[in-house]
Amino acid sequence: MGLKRISSTAGALPTTTATAVRRRRHGGQKCGNLKLTILCGIITILVLRGTIGISLISFPSESTTIPRHVAEETDRIVAEIRSGENDDSESESVTLTNRTYTLGPKIIDWDSSRQKWLRQNRGFPNYVNGKPRILLVTGSQPGPCNNPIGDHYLLKSTKNKIDYCRMHNIEIVYNMANLDEELSGYWTKLPLIRKLMVSHPEAEWIWWMDSDAFFTDMLFEIPISKYEPYNMVVHGYPNLLFEEKSWIALNTGSFLLRNRQWSLDLLDSWAPMGPKGAVREEAGKILTANLKDRPSFEADDQSALIYLLVSRKDEWMDKVFLENSYYLHGYWVGLVDKYEEYLESSHPGLGDERWPFVTHFVGCKTCGGYGDYTMESCLKSMERAFNFADNQLLDIYGFRHKGLLSPGVKRIRSETTRPLERSLIRSNIVDVV
Amino acid sequence: MLERVLGPRYARQFQRIVRKGKLTLLCLVLTVVVLRGNLGAGKFGTPEKDLDEIRETFSYIRRRAEPRRVLEEATTAVEQKSGGGTDNGGNSYAEFDITKVLKDEEDGVEEFKRDPSQPYALGPKISDWDQQRSEWLTNNPNYPNFITDKKPRVLLVTGSSPKPCENPVGDHYLLKSIKNKIDYCRLHSIDIFYNMALLDAEMAGFWAKLPLIRKLLLSHPEIEFLWWMDSDAMFTDMAFEVPWERYKDHNLVMHGWNEMIYDEKNWIGLNTGSFLLRNCQWSLDMLDTWAPMGPKVKIREEAGKLLTRELKGRPTFEADDQSAMVYILATQKEKWGDKVYLENHYYLHGYWGILVDKYEDMIESYHPGFGDHRWPLVTHFVGCKPCGKFGDYPVERCLKQMDRAFNFGDNQILQMYGFTHKSLGSRRVKRVRNETSNPLEVRDELGLLHPAFKAVKVEPSS
């Protein structure tokens, strides 16, 4: 506005006072325009600073917002880490061979070798304080979950297992390595279990537990002496298995396998349907054809075990115990809504439908891929299961979660000068003699 | 033109008014914009949102396919299966924000709160803990405080926030870190306590360990030593057994140097990211002496100023537990010094900055078991803050080095089973020992499958 006026009069030669006056007015206008320009400049700086954080004059930055370039840098690195060398890699191509896959060279005298070893290594007995040594094995993929929240629940699941196992003197092996390219995915537990069995003769039982299974009864002790005559304990139902041949007759998300030759042989018989590629695909078709309600997909370890036990019943079933008197595996749907009910009418230590031992989030796939349920129901339920279990631990210390959906805790018992007079958790657990 | 309508004087006045008006208008616009930038304007959004929208529009085409995005596209193609059609819809976890669902609820159980009018204390003063504990141990012979003659019962305590990390890979690194601790502790017969509960809101942040430690010591009299370890510290020497005998006359073992504490009062003269505390009266008293600088907010701020003044090299920030410990030891040496062992012969805490680039050299020239500069026991990623979005060091260096440290330690575990990582930077493993039909004749190189320090007391048997 004012600028135009200046330019239009720029050409005039200042010769008279009138022009001097005009010049003064122009000067005045120029001043005004200058003020305006400065003001606009300030506005621009402030707006830019407010939006994209650029400071032309360095202000002491107390802003709590993350500088955009740093956030972007972080995102780039995170994406790199996530995608970097994808594990179930295609780069090592699985060649189609005619040879039958094996977990390893056949071991035939495991029982006697193991007994000999135990005799020679009394510092590593297979029974401690009268109880058999149990090794709990679990694990997850080596790389970050595609869903970041998945890693958070893996962490909580691990804490949950650490807590239970500490209270029950069970050691944990957390596996994050793909030991066998061919037996990948859910099959990865087979080579792992075999490896741990033969490396740790002092382990009497190997307890495989999925990473999406949570302990929800912290006081329940597995009735291990009940399983003296058996080598495998898996949650399942005989009628579903033998009469219906249902593909969910049992669950391999939480089972026990005794360290015996029998178990090595079972693993060898179980493995052939597992190798990635054509073998697994073909096996999947056989399983879908033979098992009730099984959808069409590649062979999974659970269906394969069912098929094995059903088709070779006489060979294996005498040493397999189908446990359903407590929730060695507890399908989460139907259990998670009842936590308040359990709290109201029951108490921990029962492990069954009154207070489930394990709540297993089958089908949730929080780490990656898409599950069979909405994420909201899965994650909410997992948080509830975790807190339900955590409360049983916190109770010892006089704390409790502020609700089953709350990460926060509150004190429910004041501190005392004689902390040992309160009976501790020890008295609740079956005492180790 | 105006002059013709209003007359020259009025025209000039009018122009002046208009000019001032422009100024006023500009100032008004300025105010509105600045306010919007700072406070937001409800559904009119904030400037940042505008920028995001603009960016979204222009960049979605060229944005590289993140796994998350691919997941979303894949899931929209899949038929929705069972489930309640919530607003968040979909079976994709990518966009679901769990923090919206987490909430406190009243459950009728009374909460005990500390009386705020009283000065802060971790709990009521206990003066006879040694006696109480020794009585309990006598009455409970099944829970001895020593698991062999020389080896005390140790509880390793660590933890992290119960909420998901801000950094999307933060939880993954916490998971790796706990796996690493599980491995070391399994080999060395140490129990682990992973804490995710904030026991005392006043002692949040780095001070949260104090009420936790006290609570655990008093609840588990069978523990002889409590080993606090930060979540950003990893074991890198799986074979190294802590020399427990060395500390038989001490109650607190921290990595540090005497001169740096007692002579220099240097704020990094010791490190409280990994330390051992004996379960005894002395330790309870030490915790009581340590705690007063911790309570938020005012006390912590004031204490921070004192510590910055008194300690060498300390920047200005609120009081932290490490500086407070330096201060206590430096000013009350006669009272506490004789029972504190400042260990520097091995890396009970090893600052990552000087260690991580040397892993390859260490592999070439040394072997696990030293615990010191040749093969550090602990590599501690001070300042990295993998759970938050950024710490004191570049994100890339931190996360990549954490991977290397993890693999460096993990290789020692994998070698027991005949495997190793393909490289220190790789998640993948390769076989280095073939399967055999006589597995018990194989010994792992480091002897970690059945190490002497893990063997139980052998009963003289028939």
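Because the structure is predicted, anything quoted here is derived from the model rather than measured.

What counts, and where the lines are drawn
Residues numbered from 1 in each chain as written. Chains lettered and ligands numbered in written order. Predicted model: local features only at pLDDT ≥ 70, side-chain atom pairs only at ≥ 80, totals over all residues. Heavy atoms only, no water. Contact = heavy atoms within 4.5 Å. Buried area = accessible area lost by both parts, 1.4 Å probe. Salt bridge = Lys/Arg side-chain N within 4 Å of Asp/Glu carboxyl O. Polar contact = N/O pair within 3.5 Å; in protein donor to acceptor, adjacent residues only side chain to side chain. Helix = DSSP H or I, 4+ residues; strand = E, 2+ residues; numbered from the N terminus. Nonpolar A, V, L, I, M, F, W, Y, C, P; charged D, E, K, R; others polar. Patch = residues over 30% accessible without salt bridge, like charges linked within 9 Å, V, L, I, M, F, W, Y side chains within 5 Å. Areas by Shrake-Rupley, 256 points an atom, 1.4 Å probe, with all protein chains shown as cover. Lys, Arg positive; Asp, Glu negative; His and termini not counted. Charge placed at Lys NZ, Arg CZ, Asp CG, Glu CD. Buried < 20%, exposed > 50% of the residue type's maximum accessible area, 1.4 Å probe, protein only. Axes fitted to C-alpha atoms, helices over the stretch in contact; angles between N-to-C directions. Parallel < 35°, antiparallel > 145°, perpendicular 65-115°, else oblique. Left-handed = near helix turned anticlockwise from the far one by under 90°. Pairing = 2+ DSSP bridges. Right-handed = clockwise from strand over helix to strand, strands pointing away. pLDDT = per-residue confidence, 0-100. Phe/Tyr/Trp six-rings, centres within 6.5 Å; stacked < 30°, edge-to-face > 60°. Disulfide = S-S within 2.5 Å.

Engineer: I'd like a description of the interface of chain B and chain A, backed by residues and values.
Structural biologist: Between chain B and chain A, the contact holds 119 residues from the first and 125 residues from the second. Between chain B and chain A, a total of about 11,600 Å² is buried, with carbon and sulfur atoms accounting for 64% of that surface. Between chain B and chain A we count seven salt bridges in total. One salt bridge connects Arg 214 of chain B with Glu 415 of chain A, and the closest N-O pair in it is separated by 3.6 Å. Viewed at the interface, chain A and chain B are joined by 27 residue pairs in polar contact (both at pLDDT 80 or more). Among the secondary structure elements, those contributing two or more residues to the side of chain B that touches chain A are helix H2 (8–39), helix H3 (47–59), helix H4 (67–77), helix H5 (129–139), helix H6 (170–187), strand S2 (191–195), helix H7 (209–219) and helix H14 (395–414) of chain B. Of the residues belonging to the side of chain B that touches chain A, the class tally is 60 nonpolar, 25 polar and 34 charged.

Engineer: Account for a positive patch on the surface, naming residues and giving values.
Structural biologist: On the surface, a cluster of positive charge is contributed by Lys 35 of chain A together with Arg 9, Arg 12, Arg 16, Arg 19 and Lys 20 of chain B. Per-element tally for the positive patch: the top contributor is H2 of chain B, with five residues. You can see Lys 35 of chain A is positioned in helix H2 (residues 17–52). Taking relative accessible area as the criterion, Lys 35 of chain A reaches 55% and is therefore assigned exposed.

Engineer: Tell me about the pattern of salt bridges, and please be specific about residues and values.
Structural biologist: Where charged atoms of side chains with opposite charge meet at close range, the side chains can pair. For the coordinates displayed, the defined rule picks out 52 salt bridges over all chains. Of the charged contacts, one joins Asp 268 of chain A and Lys 106 of chain A as a salt bridge, the two residues approaching to 3.3 Å between their closest N and O atoms. Here the residue Asp 268 of chain A occupies a position in helix H8 (residues 261–270), and Lys 106 of chain A occupies one in the loop between helix H3 (68–83) and helix H4 (110–120), the gap between them amounting to 162 residues. Ionic pairing is found between Arg 404 of chain B and Glu 360 of chain B, a salt bridge with its closest N-O pair at 2.7 Å. Taken together, the positions of Arg 404 of chain B in helix H14 and Glu 360 of chain B in helix H13 (residues 359–365) put the pair 44 residues apart, joining distant regions of the chain. Classification of Arg 404 of chain B by relative accessible area gives buried; the value is 14%. Each of Arg 114, Glu 204, Arg 258 and Arg 260 of chain A takes part in one network of salt bridges that share partners.

Engineer: How would you sum up the packing of helix H6 (residues 189–199) of chain A against H8 of chain A? Please name residues and give values.
Structural biologist: Residues and elements named next belong to chain A. Relative to each other, H6 and H8 sit at 160°, their axes nearing to 10 Å. Classified by the angle their axes make, H6 and H8 are roughly antiparallel. For the pair H6 and H8, the crossing hand works out as left-handed. Residue-level contacts link Leu 190, Ile 193, Arg 194, Met 197 and Val 198 of H6 to Ser 263, Leu 264, Leu 267, Asp 268 and Trp 270 of H8. When its residues are assigned to classes, the contact of H6 with H8 shows seven nonpolar, one polar and two charged.

Engineer: Summarise the pairing of S2 of chain B; cite the residues concerned and give the values.
Structural biologist: All names here are of chain B. Burial of S2 is extensive: four of the five residues sit out of reach of the surface. Relative to S2, strand S1 (residues 154–159) runs parallel, the two sharing five bridges. Residue pairing in the sheet places Leu 155 in a bridge with Asp 191 of S2. With respect to chirality, the unit in which S1 leads through H6 into the neighbouring parallel S2 is right-handed.

Engineer: Tell me about the confidence of the model for chain B, and please be specific about residues and values.
Structural biologist: Residue and element names in this part refer to chain B. Residue-level pLDDT values for chain B average 87, and 85% of them are 70 or greater. Low confidence marks residues 59–89, where pLDDT is under 50. Its contacts with residues over four positions away, or in another chain, come to 32 contacts. Reported for the predicted complex are a pTM of 0.82 and an ipTM of 0.82.

Engineer: Quick one: what's the story with the packing of aromatic side chains, residue by residue and with numbers?
Structural biologist: Applying the stated criterion across every chain, the model contains 40 aromatic pairs over all chains. Plain terms: the ring middles of Phe 225 of chain B and Trp 244 of chain B are 5.6 Å apart, the flat faces sit at 35° to each other, and that makes the pair tilted. Of this pair, Phe 225 of chain B sits in strand S3 (residues 225–229) while Trp 244 of chain B sits in the loop between strand S4 (233–235) and strand S5 (252–256); the two residues are 19 residues apart in sequence, bridging distant segments of the chain. Overall, Phe 225 of chain B belongs to the buried group, its relative accessible area being 1%. With a relative accessible area of 7%, Trp 244 of chain B lands in the buried category. An aromatic cluster is present here, built from Tyr 164, Trp 207, Phe 215, Phe 220, Tyr 326 and Phe 357 of chain A joined pairwise through their rings.

Engineer: Talk me through a nonpolar patch on the surface; I want residue IDs and the actual numbers.
Structural biologist: All names here are of chain A. Taken together, Leu 34, Ile 38, Ile 42 and Leu 46 make up a surface patch of nonpolar side chains, about 350 Å² in accessible area. Looking at the secondary structure, you find Leu 46 in helix H2. Judged by its relative accessible area of 35%, Leu 46 is partly exposed.

Engineer: Could you give an account of the state of the cysteines, naming the residues involved and the relevant values?
Structural biologist: Note on terminology: disulfide describes a covalent bond linking the sulfur atoms of two cysteines. As enumerated under the stated definition, the model contains four disulfides over all chains in all. The disulfide that involves Cys 145 of chain A links it to Cys 367 of chain A, with 2.0 Å between the sulfurs. For the disulfide bridge between Cys 145 of chain A and Cys 367 of chain A, the dihedral angle about the S-S bond is near -100°, and by the sign convention the bridge is left-handed. Here Cys 367 of chain A lies in the loop between strand S10 (358–360) and helix H13 (375–397) and Cys 145 of chain A lies in the loop between strand S3 (134–139) and helix H5 (148–167), a separation of 222 residues in the sequence. Each sulfur in the disulfide pair Cys 165 of chain B and Cys 387 of chain B lies 2.0 Å from the other. Its S-S torsion of approximately -100° makes the covalent link between Cys 165 of chain B and Cys 387 of chain B left-handed. Here Cys 387 of chain B lies in the loop between strand S8 (378–380) and H14 and Cys 165 of chain B lies in the loop between S1 and H6, a separation of 222 residues in the sequence. Assigning the bonded cysteines of chain B consecutive numbers by sequence position, one obtains the connectivity 1-3, 2-4. Cysteine pairing for chain A (bonded cysteines numbered in sequence order): 1-3, 2-4.

Engineer: Explain unusual backbone geometry to me, and be specific about the residues and the numbers.
Structural biologist: Between Lys 296 of chain B and Val 297 of chain B the backbone carries a cis peptide bond, its omega angle lying at -10°. The topology assignment puts Val 297 of chain B in the loop between helix H9 (281–290) and helix H10 (298–310). Positive phi outside glycine occurs at Asn 129 of chain A, with the angle close to 55°. Unlike most non-glycine residues, Ser 189 of chain B shows phi in positive territory, near 50°. Since its relative accessible area comes to 27%, Ser 189 of chain B is described here as partly exposed.

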